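Residue-level listing of the chains:
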Amino acid sequence: MLFAKVDVCLAVHPKFCAAGPAAVGYWVAALAYSCGQELDGRVPKQAVGAILAVGPKRGRAFCERLVSAGLFERTDDGYAIAKFAQKNVTKAQLDARRREAADRMAGHRVRANGERTEDHRDGGGDATQGASLPASRGGGVLNSLSLDLKSRDLDSEDARANVPAASSEQVPIPPDLELTQEARAGAEMLGVRDVDGEWVKFVAHHRSKGTRSADFYALWKKWSVMARNYERRDRERERDARRGPLGPAADPPPAPYHATSPQRLEVDLTAQLNARLANSKSSGEGGGD
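What this report covers is the structure whose coordinates are included nearby. The structure presented is a predicted model; accordingly, all values stated were derived computationally and were not measured. (Residues numbered from 1 in each chain as written. Predicted model: local features only at pLDDT ≥ 70, side-chain atom pairs only at ≥ 80, totals over all residues. Heavy atoms only, no water.)

**Structural notes on the overall build of the protein chain**
Phase 1 of the analysis: Along its length, the protein chain carries 12 helices and 5 strands.
Phase 2 of the analysis: Burial analysis of the protein chain (289 residues in total) assigns 25% to the buried set.
Phase 3 of the analysis: For the protein chain, the proportion of contacts with a sequence separation of at least 24, taken over those separated by at least 6, is 59%.
Phase 4 of the analysis: A total accessible area of about 21100 Å² is found for the protein chain, and carbon and sulfur atoms account for 54% of it. (Helix = DSSP H or I, 4+ residues; strand = E, 2+ residues; numbered from the N terminus. Buried < 20%, exposed > 50% of the residue type's maximum accessible area, 1.4 Å probe, protein only. Contact = heavy atoms within 4.5 Å. Areas by Shrake-Rupley, 256 points an atom, 1.4 Å probe, with all protein chains shown as cover.)

**Side note on the packing of aromatic side chains**
Phase 1 of the analysis: If you walk through the whole model with that rule in mind, you get 8 aromatic pairs.
Phase 2 of the analysis: Ring geometry for Trp 199 against Phe 202: centres 5.5 Å apart, planes inclined by 35°, an arrangement best described as tilted. Pair noted here: Trp 199 and Phe 202 are both in helix α10 (residues 195-209), with a separation of 3 residues, about one helical turn.
Phase 3 of the analysis: Of the residues examined, Trp 199 reaches a relative accessible area of 9% and is grouped as buried.
Phase 4 of the analysis: For Phe 202, a relative accessible area of 0% gives the class buried.
Phase 5 of the analysis: Ring geometry for Phe 202 and Trp 220: centres 5.5 Å apart, planes at 70°, overall edge-to-face. Of this pair, Phe 202 sits in helix α10 while Trp 220 sits in helix α11 (residues 216-243); the two residues are 18 residues apart in sequence, bridging distant segments of the chain.
Phase 6 of the analysis: Taken together, the ring pairs in this structure connect Trp 199, Phe 202, Tyr 217, Trp 220 and Trp 223 into an aromatic cluster. (Phe/Tyr/Trp six-rings, centres within 6.5 Å; stacked < 30°, edge-to-face > 60°.)

**Overview of the pairing of strand β3 (residues 78-81)**
Phase 1 of the analysis: In this structure, strand β1 (residues 42-44) lies alongside β3, joined through 3 bridges in antiparallel fashion. Its bridge partner being in β3, Pro 44 is matched across the sheet by Gly 78.
Phase 2 of the analysis: Direction of pairing for strand β2 (residues 72-75) relative to β3: antiparallel, over a ladder of 4 bridges. Looking at β3, one finds that Thr 75 is bridged to Gly 78. (Pairing = 2+ DSSP bridges.)

**Brief notes about the packing of α10 against α11**
Phase 1 of the analysis: Following both chains from N to C, one finds α10 and α11 inclined at 125°, their axes separated by 10 Å at the closest point. Of the possible angle classes, the one that applies to α10 and α11 is oblique. The handedness of the crossing between α10 and α11 is right-handed. Contacts between α10 and α11 pair Val 195, Glu 198, Trp 199, Lys 201, Phe 202, His 205 and His 206 from the former with Phe 216, Tyr 217, Leu 219, Trp 220, Trp 223, Ala 227 and Glu 231 from the latter.
Phase 2 of the analysis: Classifying every residue of the contact of α10 with α11 by side-chain character gives 9 nonpolar, 2 polar and 3 charged. (Axes fitted to C-alpha atoms, helices over the stretch in contact; angles between N-to-C directions. Parallel < 35°, antiparallel > 145°, perpendicular 65-115°, else oblique. Left-handed = near helix turned anticlockwise from the far one by under 90°. Nonpolar A, V, L, I, M, F, W, Y, C, P; charged D, E, K, R; others polar.)

**Section: the packing of helix α2 (residues 21-36) against helix α4 (residues 56-69)**
Phase 1 of the analysis: Relative to each other, α2 and α4 sit at 100°, their axes nearing to 9 Å. As far as their axial angle goes, α4 and α2 are roughly perpendicular. Together, Ala 22, Ala 23, Tyr 26 and Trp 27 of α2 and Gly 59, Phe 62, Cys 63, Arg 65 and Leu 66 of α4 make up the contact between the two elements.

**Quick look at the pattern of salt bridges**
Phase 1 of the analysis: Taken as a whole and judged by the stated rule, the model has 9 salt bridges.
Phase 2 of the analysis: Of the charged contacts, one joins Arg 98 and Glu 38 as a salt bridge, the two residues approaching to 2.4 Å between their closest N and O atoms. Of this pair, Arg 98 sits in helix α6 (residues 91-122) while Glu 38 sits in the loop between α2 and β1, and the two are 60 residues apart along the sequence.
Phase 3 of the analysis: Across the pair Asp 196 and Arg 184 runs a salt bridge, and its minimum N-O distance is 2.7 Å. Here Asp 196, found in helix α10, pairs with Arg 184, found in helix α9 (residues 181-190); they are 12 residues apart in sequence, far enough to count as distant.
Phase 4 of the analysis: Overall, Asp 196 belongs to the partly exposed group, its relative accessible area being 33%. (Salt bridge = Lys/Arg side-chain N within 4 Å of Asp/Glu carboxyl O.)

**Let's talk about the side chain of Thr 211**
Phase 1 of the analysis: Its location among the elements puts Thr 211 in the loop between α10 and β5 (212-213).
Phase 2 of the analysis: In this view, Thr 211 contacts Val 171, Pro 172, Ile 173, His 206, Phe 216 and Leu 219; residues no more than four positions away in its chain are not counted.

**What about the sheet that holds β2?**
Phase 1 of the analysis: A sheet is described by the order of its strands in space; here 3 strands give the open sequence β1-β3-β2, paired in antiparallel fashion. Either end of the sheet is taken by a strand with one partner, and the two such strands are β1 and β2. Strand after strand, the sheet turns through a mean of 30° between neighbouring axes, direction not considered.
Phase 2 of the analysis: Taken strand by strand, α2 contacts β1, β2 and β3, and its axis lies near 90° from that of β3.
Phase 3 of the analysis: Across the sheet, α4 lies against β2 and β3, angled at about 115° from β2, the strand it touches most.

Here you go:
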């Protein structure tokens, strides 16, 4: 797995402070993308809008802001991260390490196979069967095959005809895998709008996951179908958001008074009290006479 290195002084560095939080977040994502694709700090034009799915317009705005801050440089193919090789591993260095690791593993295999061959010969075993392989690497199939053919002459044509043909070898995604015209036409036929952006996402996904396959263009077809479905879903959501809620509009809050509703008669307590006082006075005067 590849990693991108970020200096611990980034949070207080004047260039990053001048670029602003949003542009700095884009810079980190672009650094991770370039390291994952082994581009030595380059950010191609077709990847500008695909990074963080910001779109081509916002992506170019972020890149130009980073250029102004001295963190990006313009190139013929897009942009490049300034001083990338000072902190991060280049593709040439990665290839050299891989060659060293491959040579080291090849030496281990040669020595291990030589020791197994000597053990078979010393123990009186059949050297034609070769070394046993672990079951996880196909050893169970090869060992069962050698048992089935133990009584046959392995040098004869009939015996070789009974050996099953090796299946297509699964390999990691090639660094030079290109979006062919056939692959582009297939994606457009399925209804994918941003074919270039989806191709960048497809390659980055399988490179970061370490996917191994015998036919990556077959995986691209599946990816195109899923991308088409996601794009349709996003378009439907945007259409629904523009139309507003589909259900009935909510009832307005009730007004404090409706003309059609029956009104309660207001009671004037002061008038009632005055009437009772007047009645009591009149009754008292009449009783005195």
